[in-house]
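Understanding the architecture of this molecule
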Amino acid sequence: MKQFILYIGKILVLILLIMISLDVFYTYVFCHTSGRNKTELVLTTEDKNYDLVILGSSRAENHFVPSIFNSKGIKTFNYAMSGSKLEETALTLKLMLAKNFKIKNLILDVDLNLNSNSHSDNIRATFLPYLPISPIIREHYKNIPEYFSYRYIPFYRYAVNEAIGYREVGASIKSKKINTFDLGGFYPLPNRGKNLYYDMSKFSPKRNKGYEEIRKLCKENNINFIPISLPMCQNTMKDFGNYFQEMKKLYPEIHHYENAVVDDKYFSSCGHMNVEGAKKLSTLVLNDFFEK
Amino acid sequence: MFFNSLKFAVFLPIVFIFYWFFPNKSKKNQNLILILASYYFYSCWDWRFLFLLIFSTFLDYYTAIKIEENEKKSIRKFWLWLSISINLGLLAVFKYYDFFAVSATEFISGFGFHVEPVLLKLILPVGISFYTFHGLSYIIDVYYKRIKTEKNFIDYSLFVSYFPLLVAGPIERATHLLPQLKVKREFDFEKAKEGIYQIVWGLVKKVVIADTCALYANEIFDNYTTMNSMSLILGAVYFAFQIYGDFSGYSDIALGTSKLFGIDLLKNFDYPYFSRDIAEFWRRWHISLSSWFRDYVYIPLGGSKGSKLFQLRNVMVIFLLSGFWHGANWTFIVWGFLNAVYFIPLLLLNKNRNNMGEFKLSFNLNSLKIISNIAFTFAITCLAWIFFRANTIHQAVDYIYRIFTNHIYSFQYLHIGRSVEKLIVFLVIFTLIEWNNRNKIEPISGKYSWIKLALAITAILTLGIFSDYKNFIYFQF
């Protein structure tokens, strides 16, 4: 039995060594590469100056065309991330401010993401490699149930989050850049929709901690905060327009653009406009907020 | 509590410590600790079904004693059939009732009558098919006087409920397991080490191979109408590896875990995808179930004795039963039928026992023949797996139809964000490892075992899927 206990002890040491080595390797790779996602981009750059920054989910990522704003001399980058919830968006803004980003205006997509206070596993994962080195990320996540395991068990955060797993490490080593960076963070969608519909019967807007945190950060840092609700396809707007009315009661400061573009031909799917729709909306917002 | 969960990683060492370090290390205490651990393990799924397990245990324990007590054949038969009826009755109610109800109403509506089926919608108790078969084998063996009844209720309960095999086998035999439970186990370092290797390799098969294949196979099967021929072929191959990795991985962990307690369980897999014909495949796949059907159904039906027609009937019966054992769905029955169809030509030509021994490959025509036989057997097995994996027979037939009619063999990009061919290299490496170690239980032991162990652990940590604990496929049976 003594022999076996010693043997198990050796195996445990081996496992620990492997976990530490892998953790060090993965963290090194993520901290020394950029261009794989917008979190990396924020964390590997400093002192950026923007007239306009766009934040939010895929609805913002697919709907705002920075080149339209840039052509009018408004220096813009679309930092919205597909799948992102307001919790991660708030963290993104905190990191930008810590990295001395100077932001004059911030457009935030606020609509369907008010349906819950949940988080996105995949987007949260993109912050986790920096947990040991960033006090802001640690502070932001200190109350989540997995915090202890993420922080103190080597490699745990990489093992349980596929978004920062071996495939992502491989892509980072190969320096495979995502092409949205060349378009200022805009991700254009193809296709023209027809008779689109999205069931929002179970949706109801709620007060959101992440949203309120972003609003507060903007106020404290003198950023002109422009919260915007974005277009949905017309069939859904007919049935569930009430959702947006309820949003008004919760947060009256939100600018309502959910009916700004209605024709399905401007949509790729019900909640995501195609490139033509995105251009149309970006021009509208540009005119309303920056060319008055 | 899954074998690949953190909960099990805590549970196992605790049971191990109690088992080997309990002050009075008697056989009775060892069995008592294992039975308590087994009941706790089982109640982690649903404590209510623990009563069903205990009832089933008591039923077989009592009826076996009654069979042995009586010399009169009619009384012995009465107790035998009472046990069989109640055991199969429970299985029928929990597992098959809704299936029969729906099938019957569909049949009746075929004649123009509209009948609503009365469904029970019961949750299937985990492991019911396995522990029912444990009990049945015991009771039949007692009836045929192959074994003496077990008078010690704790020892018998442990035979039925022993946690490594409780929820997904292997289906043990009283003749093999009970004698081991009747003696005090002494710790054997080499056996425990073997157990550790087997657990680690089982985890590689489950979390690295099966769960990765599941990502692709699920995506392809769930969206098969949008897939081209190449994707559909690869979907079937990926599912073949998924089910093999999942079930043989589970069996490896079960066998390895049991070795830590000094108890050997029956081997359940013997590199089945290296079989040269379907008969050999069934001697290597889910061995404990195949041999159960052979010993308790096929041989009592007459086995390979009698006319060819008689033999064909027996083969058909065991394959259909085997399919039906897996689940209450016509897809499993067709899967069993298809395997019978593969097997029957071998039986008719007296070739079903041709490939019994080991084989070696070299650069000659015979080796080429062996490789092509293995490839052919694997291909027809994959074809049958399509029925096993599909939700309906129509879906399976449509899936196969599309393989042969689509004629597009490019590599598709899947919604999971990966190209369909990405897994091929990965599976080739896994196959080569298994091929090179096919004469061993697992590939870690032997020369450079520490390096191989380190590589296996690294593979589990980096390539394994832990984002949500994937259930073992055979838990649903």
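Each remark here, short or long, concerns the structure printed above.
Below is a short write-up of the structure. Just so we're clear, the structure is a prediction, and the values are computed from it rather than from any experiment.

What follows concerns the overall build of chain B. For chain B, the count of helices and strands is 18 helices and 0 strands. Over its C-alpha atoms chain B spans a radius of gyration of 23 Å, differing by no more than 12% from the 23 Å that the globule rule assigns to 477 residues. The C-alpha extent of chain B, read off along each of the three principal axes, is 65 × 65 × 45 Å. By the burial criterion, 58% of the 477 residues in chain B qualify as buried. Long-range pairs, those at least 24 residues apart, make up 76% of the contacts in chain B with a sequence separation of at least 6.

Right, let's talk about the packing of aromatic side chains for a bit. All names here are of chain A. Under the definition given, this model contains 104 aromatic pairs over all chains. Note on Tyr197 and Phe240: the rings are 6.2 Å apart at their centroids and 45° apart in plane angle, and the pair reads as tilted. Residue Tyr197 is found in the loop between α10 (166-173) and α11 (209-220), and its partner Phe240 is found in helix α12 (residues 234-250); the two are separated by 43 residues along the sequence. By relative accessible area, which is 43% here, Tyr197 ends up partly exposed.

Before going further, it helps to spend a moment on the pairing of strand β3 (residues 102-109) of chain A. Residue and element names in this part refer to chain A. For β3, the tally of buried residues reaches 6 of 8 residues, placing the bulk of the element in the interior. One ladder, built from 6 bridges, connects strand β1 (residues 49-55) with β3; its direction is parallel. What sits directly across from Val53, in β3, is Leu106. In this sheet, strand β4 (residues 224-229) lies alongside β3 in parallel orientation, the contact comprising 5 bridges. Among the inter-strand pairings, Leu108 is bridged to a residue of β4, identified as Pro227.

Our next topic: the state of the cysteines. The final tally for this structure, using the stated rule, is 1 disulfide over all chains. Here Cys233 of chain A is linked by a disulfide to Cys270 of chain A, with a sulfur-sulfur distance of 2.0 Å. An S-S torsion of about -75° defines the bridge between Cys233 of chain A and Cys270 of chain A as left-handed. One end of the pair, Cys233 of chain A, is in the loop between β4 and α12; the other, Cys270 of chain A, is in the loop between β6 (267-269) and β7 (272-273), with 37 residues separating them in the sequence. We classify Cys270 of chain A as buried; its relative accessible area is 6%. Cys382 of chain B takes part in no disulfide bond, and the closest cysteine sulfur to it belongs to Cys213 of chain B, at a distance of 11 Å. Take Cys382 of chain B: its relative accessible area is 6%, and that puts it in the buried class.

Bringing the pairing of β1 of chain A into the picture now. Residues and elements named next belong to chain A. Extensive coverage of β1 is indicated by the burial of 6 of its 7 residues. The sheet contact formed by β1 and strand β2 (residues 76-78) spans 3 bridges and is parallel. Within β2, the residue paired with Leu52 across the bridge is Thr76.

Listed as interface residues are 20 residues of chain A and, on the opposing side, 24 residues of chain B. Summing both sides of the interface, chain A and chain B together bury roughly 2,100 Å²; the carbon and sulfur share of this comes to 77%. Of the charged contacts in the structure, one is a salt bridge between Arg418 of chain B and Glu162 of chain A, with a shortest N-O distance of 2.2 Å. Across the chain A-chain B interface, the total number found is 2 residue pairs in polar contact (both at pLDDT 80 or more). Elements supplying a minimum of two residues to the side of chain A that touches chain B: α1 (2-31), α9 (156-160) and α10 of chain A. If you tally residues by element for the side of chain A that touches chain B, the top one is α1 of chain A, at 13 residues.

A separate point is the nonpolar core. Counting 256 residues, the largest nonpolar core has Phe64, Tyr79 and Leu93 of chain A together with Phe163, Tyr238 and Trp385 of chain B as its most contacted members. Residues in contact with Phe163 of chain B, not counting those within four places in the same chain, are Phe3, Phe8, Phe11, Leu12, Val15, Leu34, Ala37, Ser38, Phe41, Thr257 and Phe261 of chain B.

Before going further, it helps to examine unusual backbone geometry. Even without a glycine there, the phi angle at Asn222 of chain A is positive, about 55°. Looking at where Asn222 of chain A falls in the secondary structure, it is placed in the loop between α11 and β4. Unusually for a residue other than glycine, Tyr448 of chain B sits at a positive phi of about 55°. Among the structural elements, Tyr448 of chain B can be located in the loop between α17 (424-436) and α18 (449-463).

Residues and elements named next belong to chain B. Spanning 19 residues, helix α14 (residues 330-348) covers 27 Å between terminal C-alpha atoms, matching the ideal 27 Å at 1.5 Å per step. Along α14, the sharpest kink reaches roughly 25°, centred on Tyr342 and followed within four residues by the proline Pro345. Asn350 lies just past α14 and shows a positive phi near 55°.

All names here are of chain B. Applying the stated criterion across every chain yields a total of 36 salt bridges over all chains. Residue Arg276 pairs with Glu280 through a salt bridge whose shortest N-O separation is 2.9 Å. Judged by relative accessible area, which is 9%, Arg276 ranks as buried. Notably, a salt bridge pairs Arg402 with Asp398, separated by 3.3 Å at the nearest N-O pair. Note that Arg402 and Asp398 are positioned in helix α16 (residues 393-406) at a spacing of 4 residues, about one turn of the helix. Under the relative-accessibility criterion, Arg402 is labelled partly exposed at 25%. Where salt bridges share partners, they join Lys27, Glu150, Asp155 and Lys182 into one cluster.

Time to look at a positive patch on the surface. On the surface, Arg167, Lys174 and Lys176 of chain A together with Lys422 of chain B cluster together into a positively charged patch. If you trace the backbone, Lys176 of chain A turns up in the loop between α10 and α11. The class for Lys176 of chain A is partly exposed, based on a relative accessible area of 44%.

What follows is about the packing of helix α5 (residues 128-143) of chain B against helix α12 (residues 287-298) of chain B. All names here are of chain B. Contact geometry of α5 with α12 gives a least axis separation of 12 Å together with a crossing angle of 35°. In terms of crossing hand, the pair formed by α5 and α12 is left-handed. Residues Phe133, Leu136, Ser137, Ile140 and Asp141 of α5 pack against Leu289, Trp292, Phe293 and Tyr296 of α12. Classifying every residue of the contact of α5 with α12 by side-chain character gives 7 nonpolar, 1 polar and 1 charged.

What follows covers the sheet that holds β2 of chain A. Residues and elements named next belong to chain A. The parallel open sheet is built from 5 strands, whose spatial order is β2-β1-β3-β4-β5. The strands lining the two open edges of the sheet, one partner per strand, are β2 and β5 (255-256). When β4 meets β5, the two strands line up parallel, connected through 2 bridges. Note that in β5 the partner of Ser229 across the bridge is His256. Running over the sheet, helix α13 (residues 275-290) touches β1, β3, β4 and β5 and is turned about 140° from β4.

Basis of the calculations
- Numbering of residues begins from 1 in every chain and follows the order in which that chain's sequence is written.
- To label them, take the chains in the order written and letter them from A, then take the ligands in the order written and number them from 1.
- Residues qualify for local features only when their pLDDT is at least 70, as the model is predicted, and side-chain atom pairs are given and counted only at 80 or more; totals for whole chains, interfaces and linings, by contrast, use all residues.
- Each side-chain value is derived from all of the structure's non-hydrogen atoms; neither hydrogens nor water enter the calculation.
- Helical segments are the DSSP runs of H or I of at least four residues, strand segments are the runs of E of at least two, and each set is numbered from the N terminus.
- C-alpha atoms define the radius of gyration, and 2.2 Å times the number of residues to the power 0.38 defines the globule rule.
- Type-normalised accessible area, obtained with a 1.4 Å probe on protein chains alone, sets the label of each residue: buried when under 20%, exposed when over 50%, and partly exposed for intermediate values.
- Any two residues whose heavy atoms approach within 4.5 Å at even a single point are treated as in contact.
- Pairs were defined over the aromatic rings of Phe, Tyr and Trp, the Trp ring being its six-membered one, requiring ring centres within 6.5 Å. Orientation was assigned from the angle between planes: stacked under 30 degrees, edge-to-face over 60, tilted for the rest.
- Two strands form a pair only when DSSP identifies at least two bridges running between them.
- Pairs of cysteine sulfur atoms within 2.5 Å are identified as disulfides in what follows.
- Here the buried area means the combined drop in accessible surface, using a 1.4 Å probe, for two parts upon being joined, counting both sides.
- Salt bridges are defined by distance alone: a side-chain nitrogen of Lys or Arg within 4 Å of a carboxyl oxygen of Asp or Glu.
- In protein, a polar contact means a hydrogen-donor-capable atom and an acceptor-capable atom, both N or O and within 3.5 Å, with residues adjacent in sequence counting only if both atoms are side-chain atoms; elsewhere, any N or O pair within 3.5 Å suffices.
- What is meant by a nonpolar core is a set of buried Ala, Val, Leu, Ile, Met, Phe, Trp, Tyr and Cys residues, joined one to another through side-chain atoms within 4.5 Å.
- In this analysis, the expected span of each helix is defined as 1.5 Å times one less than the number of residues it contains.
- Here the bend at a residue means the angle between the axes of two seven-residue stretches, the one that ends at it and the one that starts at it.
- A patch consists of residues exposed above 30% relative accessible area that lack any salt bridge, with like charges linked at up to 9 Å and nonpolar side chains (Val, Leu, Ile, Met, Phe, Trp, Tyr) linked at up to 5 Å.
- Only the protein chains shown count as cover for residues, with accessible areas throughout obtained via the Shrake-Rupley method and a probe of 1.4 Å.
- Under the convention used here, Asp and Glu are negative, Lys and Arg are positive, and both His and the chain ends fall outside the count.
- Positions of charges follow a simple convention, taking NZ of Lys, CZ of Arg, CG of Asp or CD of Glu.
- Axis definition: a line fitted to C-alpha atoms, limited for helices to the stretch in contact. Angles are taken between N-to-C directions and run from 0 to 180 degrees.
- Crossing handedness is read from the near helix: turned anticlockwise from the far helix by less than a right angle, it gives a left-handed crossing, and turned clockwise, a right-handed one.
- For this classification, Asp, Glu, Lys and Arg are treated as charged, while Ala, Val, Leu, Ile, Met, Phe, Trp, Tyr, Cys and Pro are nonpolar and the rest, including Gly, are polar.

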